[in-house]
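Structural features, examined
Residue-level listing of the chains:
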Amino acid sequence: MIEIADLPAVNATLNAISGVLVLVGYGFIRRQRKTAHAICMASAVLVAILFFISYITYHAHIGSKHFEGQGMVRPVYFTILISHTILAATIAFWLVPVTVYRAARRRFNRHKAIARWTLPVWLYVSVTGVIIYFMLYHWYAHS
């Protein structure tokens with residue numbers, strides 16, 4: 001059984017899985033495997049939704065964990081955190097919904113135009129989410 005305290009690790013794993021699914025989905029579309037691409041990207045969205053549910057659940061029960069690293073790593077951490085947070089909101093509330101909507105409406109030229117932005121931002125958010133997890137819960141955690 002997963003405990004509330006396990007959710008940060010679950011969240012990092014879900015972040016990584018969604019990033020991998022996005023990359024694999026991109027590979028599929030580059031090879032014109034449209035059905036595999038659609039399945040992969042729908043799976044990435046589902047995993048991202050599971051992440052969001054897990055993230056909200058954890059923070060509703062535990063609250064925020066403060067970063068304990070000192071020195072030059074602090075501005076590095078907060079730069080990553082701020083960019084991650086802004087871009088995660090952009091992905092969740094604008095880029096992904098618009099990208100999915102355009103694909104669902106079969107407006108593939110417009111879908112492709114926004115997907116060119118969605119892909120790198122989603123990957124950045126996935127990678128930085130995992131980095132934040134390790135910095136917060138492993139590398140600089142003393143409690």
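Residues numbered from 1 in each chain as written. Predicted model: local features only at pLDDT ≥ 70, side-chain atom pairs only at ≥ 80, totals over all residues. Heavy atoms only, no water.

1. Structural notes on the packing of helix 2 (residues 34–61) against helix 4 (residues 108–139)
Two numbers describe how helix 2 lies on helix 4: the axes approach to 13 Å, and their chain directions differ by 40 degrees. Here helix 2 lies oblique to helix 4, going by the angle between them. Classified by chirality, the crossing of helix 4 by helix 2 is left-handed. Where helix 2 abuts helix 4, its residues His37, Ala44, Val45, Ala48 and Tyr58 lie against His111, Trp122 and Tyr137. Partitioning the contact of helix 2 with helix 4 into residue classes produces 6 nonpolar, 2 polar and no charged. (Axes fitted to C-alpha atoms, helices over the stretch in contact; angles between N-to-C directions. Helix = DSSP H or I, 4+ residues; strand = E, 2+ residues; numbered from the N terminus. Parallel < 35°, antiparallel > 145°, perpendicular 65-115°, else oblique. Left-handed = near helix turned anticlockwise from the far one by under 90°. Contact = heavy atoms within 4.5 Å. Nonpolar A, V, L, I, M, F, W, Y, C, P; charged D, E, K, R; others polar.)

2. Looking at unusual backbone geometry
Unusually for a residue other than glycine, Gln32 sits at a positive phi of about 60 degrees. Note that Gln32 resides in the loop between helix 1 (7–30) and helix 2. Overall, Gln32 belongs to the exposed group, its relative accessible area being 57%. Despite not being glycine, Arg106 has its phi angle at roughly 60 degrees, a positive value. Looking at the secondary structure, you find Arg106 in the loop between helix 3 (73–104) and helix 4. By relative accessible area, Arg106 is classed as exposed at 63%. (Buried < 20%, exposed > 50% of the residue type's maximum accessible area, 1.4 Å probe, protein only.)

3. Things to note about the pattern of salt bridges
Following the criterion strictly, the structure yields 1 salt bridge and no others. Close ionic contact of Glu68 with Lys65 constitutes a salt bridge, the shortest N to O distance being 3.6 Å. (Salt bridge = Lys/Arg side-chain N within 4 Å of Asp/Glu carboxyl O.)

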